[in-house]
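# Descriptive structure summary
The lines below spell out each chain.
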Amino acid sequence: KKTSAIENAVFLDTSAIIDGRVFDVVNMGVLTGTFVIPESILLELKHIADSQDMVKRERGRKGLALLDRLKKSKGIKVLHVPDRSGEGSPREVDEKLIEIAKNYKGRLITCDYNLEKKASISGLTAVNINTLANHLKIKAVPGESLHIRVLHQGKDHTQGVGYLDDGTMLVVENASVDIGRDVDVIVSRVIQTTAGRILFSKKI
(Lines give C-alpha, C1' and ligand atoms only; values in the text may rest on other atoms or scores of the structure.)
Protein backbone atom coordinates (compact mmCIF):
# COMPACT_ATOMS: atom_id res chain seq x y z
CA LYS A 1 0.00 0.00 0.00
CA LYS A 2 1.14 3.51 -0.75
CA THR A 3 1.45 5.84 2.21
CA SER A 4 0.92 9.59 2.11
CA ALA A 5 4.11 11.47 2.90
CA ILE A 6 4.76 12.83 6.38
CA GLU A 7 7.44 15.49 6.43
CA ASN A 8 10.29 14.75 8.86
CA ALA A 9 8.41 11.91 10.58
CA VAL A 10 9.62 10.93 14.07
CA PHE A 11 8.24 7.69 15.53
CA LEU A 12 8.14 7.18 19.30
CA ASP A 13 8.06 3.64 20.67
CA THR A 14 6.43 2.63 23.96
CA SER A 15 9.70 2.59 25.92
CA ALA A 16 10.55 6.18 24.91
CA ILE A 17 7.04 7.41 25.75
CA ILE A 18 7.07 5.78 29.20
CA ASP A 19 10.64 6.94 29.89
CA GLY A 20 9.53 10.54 29.30
CA ARG A 21 12.92 12.19 28.69
CA VAL A 22 12.21 12.55 24.97
CA PHE A 23 9.40 15.00 25.77
CA ASP A 24 11.86 17.32 27.56
CA VAL A 25 14.12 17.20 24.49
CA VAL A 26 11.14 18.01 22.23
CA ASN A 27 9.97 20.90 24.44
CA MET A 28 13.49 22.38 24.31
CA GLY A 29 13.23 22.45 20.51
CA VAL A 30 16.23 20.14 20.06
CA LEU A 31 14.16 17.41 18.39
CA THR A 32 11.76 18.61 15.69
CA GLY A 33 9.47 17.04 13.13
CA THR A 34 6.04 15.44 12.99
CA PHE A 35 5.67 13.00 15.87
CA VAL A 36 3.87 9.85 14.75
CA ILE A 37 2.18 7.34 17.07
CA PRO A 38 1.05 4.11 15.35
CA GLU A 39 -2.11 2.34 16.53
CA SER A 40 -0.20 -0.67 17.89
CA ILE A 41 1.99 1.56 20.11
CA LEU A 42 -1.08 3.33 21.51
CA LEU A 43 -2.76 -0.02 22.19
CA GLU A 44 0.37 -1.34 23.93
CA LEU A 45 0.55 1.83 26.04
CA LYS A 46 -3.12 1.53 27.05
CA HIS A 47 -2.58 -2.15 27.89
CA ILE A 48 0.30 -1.20 30.25
CA ALA A 49 -1.84 1.55 31.81
CA ASP A 50 -4.51 -1.09 32.59
CA SER A 51 -2.01 -3.57 34.06
CA GLN A 52 -2.65 -5.28 37.41
CA ASP A 53 0.93 -4.46 38.35
CA MET A 54 0.89 -1.10 40.15
CA VAL A 55 4.30 0.04 38.87
CA LYS A 56 3.49 -0.84 35.25
CA ARG A 57 0.09 0.82 35.56
CA GLU A 58 1.59 4.08 36.86
CA ARG A 59 4.27 4.08 34.13
CA GLY A 60 1.64 3.47 31.45
CA ARG A 61 -0.62 6.26 32.74
CA LYS A 62 2.33 8.63 32.98
CA GLY A 63 3.21 7.84 29.35
CA LEU A 64 -0.35 8.51 28.17
CA ALA A 65 -0.43 11.80 30.11
CA LEU A 66 2.88 12.94 28.58
CA LEU A 67 1.66 12.01 25.11
CA ASP A 68 -1.57 13.93 25.65
CA ARG A 69 0.41 16.98 26.82
CA LEU A 70 2.58 16.76 23.70
CA LYS A 71 -0.52 16.74 21.47
CA LYS A 72 -1.79 19.91 23.15
CA SER A 73 1.56 21.74 22.88
CA LYS A 74 1.60 24.70 20.52
CA GLY A 75 3.79 24.38 17.46
CA ILE A 76 4.21 20.60 17.83
CA LYS A 77 2.45 18.31 15.37
CA VAL A 78 1.40 14.84 16.56
CA LEU A 79 -0.23 12.29 14.25
CA HIS A 80 -1.97 9.03 15.14
CA VAL A 81 -1.74 6.58 12.23
CA PRO A 82 -3.25 3.11 11.69
CA ASP A 83 -1.08 0.05 11.12
CA ARG A 84 -1.64 -3.70 11.05
CA SER A 85 -3.86 -3.34 14.09
CA GLY A 86 -3.83 -5.46 17.22
CA GLU A 87 -1.53 -5.55 20.23
CA GLY A 88 0.33 -8.76 19.48
CA SER A 89 3.53 -9.79 21.21
CA PRO A 90 6.24 -7.20 21.93
CA ARG A 91 8.23 -8.59 19.00
CA GLU A 92 5.27 -8.16 16.64
CA VAL A 93 4.73 -4.59 17.87
CA ASP A 94 8.41 -3.83 17.20
CA GLU A 95 8.20 -5.29 13.70
CA LYS A 96 5.06 -3.25 12.92
CA LEU A 97 6.76 -0.10 14.16
CA ILE A 98 9.89 -0.68 12.04
CA GLU A 99 7.77 -1.44 8.98
CA ILE A 100 5.59 1.65 9.24
CA ALA A 101 8.54 3.94 10.10
CA LYS A 102 10.36 2.70 6.98
CA ASN A 103 7.23 3.24 4.86
CA TYR A 104 7.06 6.86 5.97
CA LYS A 105 10.87 7.27 5.72
CA GLY A 106 10.93 8.40 9.33
CA ARG A 107 13.27 8.15 12.32
CA LEU A 108 12.70 6.05 15.40
CA ILE A 109 13.20 7.18 19.02
CA THR A 110 13.47 4.38 21.59
CA CYS A 111 14.98 3.31 24.93
CA ASP A 112 15.03 -0.35 23.85
CA TYR A 113 18.53 -1.55 22.90
CA ASN A 114 17.27 -4.58 20.94
CA LEU A 115 14.74 -2.51 18.98
CA GLU A 116 17.43 0.07 18.18
CA LYS A 117 19.73 -2.64 16.75
CA LYS A 118 16.90 -4.35 14.88
CA ALA A 119 15.87 -1.02 13.32
CA SER A 120 19.46 -0.17 12.33
CA ILE A 121 19.87 -3.57 10.64
CA SER A 122 16.64 -2.84 8.73
CA GLY A 123 18.14 0.41 7.43
CA LEU A 124 16.06 2.66 9.69
CA THR A 125 17.60 5.60 11.57
CA ALA A 126 17.11 4.84 15.28
CA VAL A 127 18.12 6.98 18.25
CA ASN A 128 18.39 5.40 21.70
CA ILE A 129 17.67 7.98 24.43
CA ASN A 130 20.00 6.14 26.84
CA THR A 131 22.89 6.31 24.34
CA LEU A 132 22.16 9.99 23.72
CA ALA A 133 22.21 10.68 27.48
CA ASN A 134 25.59 8.92 27.83
CA HIS A 135 27.05 10.99 24.98
CA LEU A 136 25.96 14.17 26.75
CA LYS A 137 27.61 13.30 30.05
CA ILE A 138 30.55 15.37 31.29
CA LYS A 139 33.81 14.02 29.86
CA ALA A 140 36.05 14.12 32.93
CA VAL A 141 39.51 12.59 32.42
CA PRO A 142 42.22 11.33 34.81
CA GLY A 143 44.22 14.25 36.21
CA GLU A 144 41.28 16.67 36.08
CA SER A 145 40.39 18.46 39.33
CA LEU A 146 36.77 18.80 40.49
CA HIS A 147 34.85 20.34 43.39
CA ILE A 148 32.28 17.87 44.74
CA ARG A 149 29.97 17.36 47.71
CA VAL A 150 30.35 13.96 49.38
CA LEU A 151 26.84 12.58 49.90
CA HIS A 152 27.24 9.06 51.26
CA GLN A 153 29.63 6.19 51.97
CA GLY A 154 30.88 3.98 49.15
CA LYS A 155 31.12 0.19 48.89
CA ASP A 156 34.38 0.37 50.82
CA HIS A 157 33.73 1.94 54.23
CA THR A 158 36.60 4.40 53.68
CA GLN A 159 35.14 5.75 50.42
CA GLY A 160 32.82 8.71 49.98
CA VAL A 161 30.48 9.13 47.00
CA GLY A 162 29.30 12.27 45.23
CA TYR A 163 27.66 12.99 41.86
CA LEU A 164 28.40 15.36 39.00
CA ASP A 165 25.61 17.60 37.64
CA ASP A 166 24.78 15.02 34.98
CA GLY A 167 24.39 12.22 37.55
CA THR A 168 27.78 10.57 36.98
CA MET A 169 28.97 8.82 40.17
CA LEU A 170 32.24 10.03 41.64
CA VAL A 171 33.94 7.78 44.22
CA VAL A 172 36.39 9.63 46.50
CA GLU A 173 39.06 7.62 48.33
CA ASN A 174 39.32 8.15 52.11
CA ALA A 175 36.36 10.55 52.11
CA SER A 176 33.84 8.71 54.31
CA VAL A 177 34.76 11.24 57.04
CA ASP A 178 33.73 14.10 54.70
CA ILE A 179 30.08 13.09 54.16
CA GLY A 180 27.98 16.24 53.92
CA ARG A 181 30.99 18.44 53.07
CA ASP A 182 32.44 19.84 49.84
CA VAL A 183 35.92 18.66 48.87
CA ASP A 184 38.40 19.30 46.05
CA VAL A 185 39.45 16.10 44.28
CA ILE A 186 41.55 14.96 41.35
CA VAL A 187 40.24 12.22 39.04
CA SER A 188 42.48 9.13 39.18
CA ARG A 189 40.66 6.74 36.84
CA VAL A 190 37.47 6.32 34.82
CA ILE A 191 35.59 3.01 34.57
CA GLN A 192 32.94 2.35 31.90
CA THR A 193 30.11 0.05 33.02
CA THR A 194 26.85 -1.05 31.38
CA ALA A 195 25.06 1.47 33.61
CA GLY A 196 27.40 4.32 32.61
CA ARG A 197 30.74 5.78 33.71
CA ILE A 198 32.06 5.80 37.27
CA LEU A 199 34.87 8.18 38.23
CA PHE A 200 37.39 7.41 40.98
CA SER A 201 39.28 10.25 42.61
CA LYS A 202 41.55 11.30 45.45
CA LYS A 203 41.28 14.34 47.71
CA ILE A 204 43.66 17.18 46.90
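Our subject is the structure listed above.
Heads up: these notes are all about the structure in this document.

Rules used in this analysis
Residues numbered from 1 in each chain as written. Predicted model: local features only at pLDDT ≥ 70, side-chain atom pairs only at ≥ 80, totals over all residues. Heavy atoms only, no water. Helix = DSSP H or I, 4+ residues; strand = E, 2+ residues; numbered from the N terminus. Rg over C-alpha atoms; globule rule 2.2 N^0.38 Å. Areas by Shrake-Rupley, 256 points an atom, 1.4 Å probe, with all protein chains shown as cover. Lys, Arg positive; Asp, Glu negative; His and termini not counted. Charge placed at Lys NZ, Arg CZ, Asp CG, Glu CD. Core = buried A, V, L, I, M, F, W, Y, C linked by side-chain atoms within 4.5 Å. Buried < 20%, exposed > 50% of the residue type's maximum accessible area, 1.4 Å probe, protein only. Contact = heavy atoms within 4.5 Å. Pairing = 2+ DSSP bridges. Phe/Tyr/Trp six-rings, centres within 6.5 Å; stacked < 30°, edge-to-face > 60°. Lys NZ or Arg CZ within 6 Å of the ring centre and 35° of its normal. Axes fitted to C-alpha atoms, helices over the stretch in contact; angles between N-to-C directions. Parallel < 35°, antiparallel > 145°, perpendicular 65-115°, else oblique. Nonpolar A, V, L, I, M, F, W, Y, C, P; charged D, E, K, R; others polar.

## Brief notes about the overall build of the protein chain
Each helix and strand counted, the protein chain has 7 helices and 11 strands in total. In terms of overall size, the protein chain is more extended than a compact globule, its C-alpha atoms giving a radius of gyration of 21 Å where 204 residues would be expected to give roughly 17 Å. C-alpha atoms of the protein chain, sized along the principal axes, occupy 65 × 35 × 35 Å. With the model as given, the accessible surface of the protein chain reaches about 12,000 Å², and the carbon-plus-sulfur share is 53%. Taking the 31 positively charged and 26 negatively charged side chains of the protein chain as two groups, their mean positions are separated by 3 Å.

## So, the nonpolar core
Judged by nonpolar contacts, the single largest core of 39 residues is most densely connected at Phe11, Leu12 and Phe35. Counting residues per element, this core draws most heavily on helix H5 (residues 90-103), which supplies 5 residues. With residues near it in sequence (within four places) discarded, Phe35 still touches Val10, Leu12, Val26, Leu70, Ile76, Lys77, Val78 and Leu79.

## A few points about the side chain of Ser201
Mapped onto the elements of the fold, Ser201 is located in strand S11 (residues 196-203). Aside from chain neighbours lying at most four places away, what touches Ser201 is Leu170, Val171, Val172, Glu173, Val185, Ile186, Val187 and Ser188.

## Examining the pairing of strand S9 (residues 169-173)
Summarising the sheet, strand S8 (residues 160-163) and S9 pair through 4 bridges and their orientation is antiparallel. Counterpart to Tyr163 in the pairing with S9 is Met169. Here S8 hands over to S9 after 5 residues, with Gly167 in that stretch at a positive phi of 95°. Relative to S11, S9 runs parallel, the two sharing 5 bridges. In the sheet register, Glu173 faces S11, and the bridge partner there is Lys202.

## Re the packing of aromatic side chains
Summed over the entire model, instances satisfying the criterion amount to 1 aromatic pair. Where Phe11 meets Tyr104, the ring centres are 6.1 Å apart and the plane angle is 35°; that geometry is what we call tilted. One end of the pair, Phe11, is in strand S1 (residues 9-12); the other, Tyr104, is in the loop between H5 and strand S4 (107-110), with 93 residues separating them in the sequence. Across this residue pair, the class does not change: Phe11 and Tyr104 are buried. Here the guanidinium or amino end of Arg189 rests over the ring plane of Phe200, the centre of that ring lying 4.2 Å away.

## Quick notes on the packing of helix H3 (residues 39-49) against helix H4 (residues 54-72)
The N-to-C vectors of H3 and H4 enclose an angle of 135°; their axes lie 6 Å apart at closest approach. With respect to each other, H3 and H4 are oriented oblique. Contact residues: H3 offers Leu42, Leu45, Lys46, Ile48 and Ala49, while H4 offers Lys56, Arg57, Gly60, Arg61, Gly63, Leu64 and Leu67. Tallied by class, the residues present in the contact of H3 with H4 amount to 6 nonpolar, 2 polar and 4 charged.

## Quick look at the environment of Leu66
Turning to its location among the elements, Leu66 is positioned in helix H4. Classification of Leu66 by relative accessible area gives buried; the value is 15%. Taking the C-alpha atoms as reference points, Leu66 and Gly20, separated by 46 residues in sequence, lie 7.1 Å from one another. Leaving out residues up to four positions away in the same chain, Leu66 has contacts with Ile17, Gly20 and Phe23.

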